[in-house]
Amino acid sequence: MLTDGELNKLTHEAAEVRKEAIKMATRAGTGHLGPALSIADILWILYSRVMKYHPQDPSWPERDRLLLSKGHGCISLYVTLAKKGFFEEELLKSYCAKVDTLLGGHPERKLPGIEANTGSLGHGFNIGVGMSMVAKAEQKNYKVFTILGDGENQEGSIWEGAMSAAHYQLDNLVAIVDRNNLQVSNFVNKVMGIEPLAEKWSSFGWGVKVIDGHDLNQLDEAFKSVPFIEGKPSVIIANTVKGKGLPMAENKVEWHHKAPSLQEYQEIDKELGLGDL
Ligand SMILES: Cc1ncc(C[n+]2csc(CCOP(=O)(O)OP(=O)(O)O)c2C)c(N)n1
Ligand SMILES: [Mg+2]
């Protein structure tokens with residue numbers, strides 16, 4: 001359980017991540033803002049309370065690995081990595097600013113802290129399965145965390161990876177499903193329903209917890225209790241809100257890939273106090 005002081009601090013910091021993400025998308029005039037905002041709390045708790053890493057030595061062999069399998073949500077990851085010291089915060093201004101930027105619309109390994117190029121849905125998770133197998137083969141203690149979209153659960157490759165992870169007893173692997181109920185153009189249950197999701201993962205041999213993905217205490221507790229079942233990989237189904245923290249974007253399908261206009265920014269600024277771009 002987080003103390004009140006810890007909870008207040010982490011809540012404030014996660015809100016700052018969101019504010020910066022909104023600024024980045026506005027400056028660039030592009031970005032998957034809704035999908036970035038739903039995972040800001042998950043990322044902030046992972047990097048603040050859970051994962052082992054040295055920002056000055058991003059390739060430290062014992063580090064925990066994070067694969068953002070829903071790579072399009074990368075704006076919040078970029079902000080998190082900058083705030084945790086992987087690179088200067090000034091670099092955030094280069095998000096989607098030119099063709100050869102280090103901070104593109106999907107994460108690439110050329111940026112410190114990024115483990116793999118991701119964005120083709122169904123891939124990052126399976127890279128994570130492979131990394132977890134390597135850790136086991138080399139008797140290393142690091143953990144592998146991978147964040148998936150709920151729509152991404154419609155990809156067949158996810159279920160091949162899930163089956164493999166259980167078969168190889170990868171209890172060093174933790175998947176987090178960002179259960180925001182939306183995908184590109186509609187609600188997930190309208191496009192192709194994935195329920196009963198917890199039972200599906202469980203039947204594939206995973207330990208499962210369903211939590212509120214914006215409740216920092218629940219996130220912290222869930223991460224601290226992995227593996228949920230000895231010898232099995234763990235999945236956290238995190239119920240979230242797409243666009244969380246930006247009222248005009250919350251639960252709005254059109255904010256899947258959208259940036260605020262300058263006029264909208266002024267409105268948001270009044271509401272959230274973002275300051276100059
Ligand atoms: C293999 C593949 N097919 C299609 C896309 C295009 N695409 C990008 S985001 C997205 C929707 C993802 O929805 P979800 O997994 O729920 O993530 P969310 O945006 O809600 O975070 C799609 C289809 C892709 N990136 N990769
Ligand atoms: Mg989704």
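Scroll up a little and you will see the structure.
A brief structural summary. (Residues numbered from 1 in each chain as written. Chains lettered and ligands numbered in written order. Predicted model: local features only at pLDDT ≥ 70, side-chain atom pairs only at ≥ 80, totals over all residues.)

### Section: the overall build of the protein
Summing up its helical and strand segments, the protein has 10 helices and five strands in all. By principal-axis analysis of the C-alpha atoms, the protein measures approximately 50 × 45 × 45 Å. Looking at the protein as a whole, 48% of its 277 residues qualify as buried. (Helix = DSSP H or I, 4+ residues; strand = E, 2+ residues; numbered from the N terminus. Buried ≥ 20, exposed ≤ 12 C-beta atoms within 10 Å, placed from the backbone.)

### Notes on the site of ligand 1
As a matter of local geometry, ligand 1 sits amid 20 residues, with Pro35, Gly149, Gly151, Glu152 and Gln183 nearest to it. Class assignment of the residues belonging to the shell around ligand 1 gives a composition of five nonpolar, 10 polar and five charged. (Near = placed C-beta within 6 Å. Nonpolar A, V, L, I, M, F, W, Y, C, P; charged D, E, K, R; others polar.)

### Examining the packing of helix α3 (residues 40-50) against helix α9 (residues 216-224)
At a minimum axis distance of 10 Å, the contact between α3 and α9 shows a crossing angle of 55°. It follows that α3 is oblique to α9 by the angle criterion. Along this stretch, α3 crosses α9, giving a crossing that reads as right-handed. Residues Asp41, Ile42, Ile45, Leu46, Arg49 and Val50 of α3 form the contact with α9, whose own contacting residues are Leu216, Leu219, Asp220 and Phe223. Residue composition of the contact of α3 with α9, by class: seven nonpolar, no polar and three charged. (Axes fitted to C-alpha atoms, helices over the stretch in contact; angles between N-to-C directions. Parallel < 35°, antiparallel > 145°, perpendicular 65-115°, else oblique. Left-handed = near helix turned anticlockwise from the far one by under 90°. Contact = placed C-beta atoms within 7 Å.)

### Re the nonpolar core
Judged by nonpolar contacts, the single largest core of 72 residues is most densely connected at Ala21, Leu33, Ala40, Ile42, Ile75, Tyr78 and Ile176. Other than its neighbours up to four places away in sequence, Ile75 contacts Ala21, Met24, Ala25, Gly31, Leu33, Ala36 and Tyr95. (Core = buried A, V, L, I, M, F, W, Y, C linked by C-beta atoms within 7 Å.)

### Considerations on the environment of Ser38
As for its position among the elements, Ser38 is in the loop between α2 (33-37) and α3. What Ser38 contacts, discounting residues up to four positions off in sequence, is Asp178, Asn180, Thr240, Val241, Lys242 and Lys244.

### Considering α3
Along α3, eight of the 11 residues are buried, which leaves the element largely enclosed by surrounding structure. Buried residues of α3: Ala40, Asp41, Ile42, Leu43, Trp44, Ile45, Leu46 and Tyr47, and no others.

### Examining unusual backbone geometry
Geometrically, the link from Glu195 to Pro196 is a cis peptide bond, its omega value of 0° lying close to zero. With respect to the secondary-structure elements, Pro196 resides in the loop between α7 (188-192) and α8 (197-203). Residue Pro227 is bonded to the preceding Val226 through a cis peptide linkage, with omega at -5°. Topologically, Pro227 is positioned in the loop between α9 and β5 (234-239). Positive phi, close to 55°, is recorded for Gln169, a residue that is not glycine. Inspection of the secondary structure puts Gln169 in the loop between α6 (156-167) and β3 (173-179). Look at Asn251: it is not a glycine, yet its phi comes out positive at around 60°. Mapping Asn251 onto the fold places it in the loop between β5 and α10 (262-272).

### Digging into the sheet that holds strand β2 (residues 144-149)
Note: strands within a sheet are paired through backbone hydrogen bonds, in either parallel or antiparallel orientation. What the five strands build is an open sheet, ordered β1-β2-β3-β5-β4; its pairing is parallel. Sheet topology places β1 (65-68) and β4 (207-212) at the edges, where each strand pairs with a single neighbour. Here the average twist between neighbouring strands, direction ignored, is 20°. In terms of strand pairing, β4 meets β5 through six bridges, oriented parallel. Looking at the pairing, Ile211 lines up with Ala238 of β5. Here helix α5 (residues 124-137) sits on the sheet in contact with β1, β2 and β3, set at roughly 165° to β2. (Pairing = 2+ DSSP bridges.)

### Comments concerning α9
Along α9, the residues classified as buried are Leu216, Leu219, Asp220, Ala222 and Phe223. Viewed along the axis of α9, the buried residues span an arc of 165°, placing them on a single side of the element. Next to the buried residues of α9 lie α1 (4-28), α3, β4 and β5. (Arc of directions from axis to C-beta.)

### Quick notes on the pairing of β5
The side chains of a regular strand alternate, first on one face of the sheet and then on the other. The element β5 is largely enclosed, with a buried count of five among its six residues. Looking at chain direction, β3 and β5 are connected through six bridges and run parallel. Note on β5: the bridge partner recorded for Val177 is Ile237.

### Comments concerning the environment of Met1
By the secondary structure assignment, Met1 is in the segment before α1. Take Met1: there are 7 C-beta atoms within 10 Å of it, and that puts it in the exposed class. Spatially, the C-alpha atom of Met1 lies 25 Å from that of Asn180, the residues being 179 residues apart in sequence.

### Things to note about the packing of α5 against α6
Two numbers describe how α5 lies on α6: the axes approach to 9 Å, and their chain directions differ by 15°. The angle between α5 and α6 places the two elements in the roughly parallel class. Note that α5 runs across α6; the crossing there is left-handed. The segment α5 lies against α6, with Phe125, Asn126, Val129 and Ser132 engaging Ser157, Ile158, Gly161, Ser164 and Ala165.

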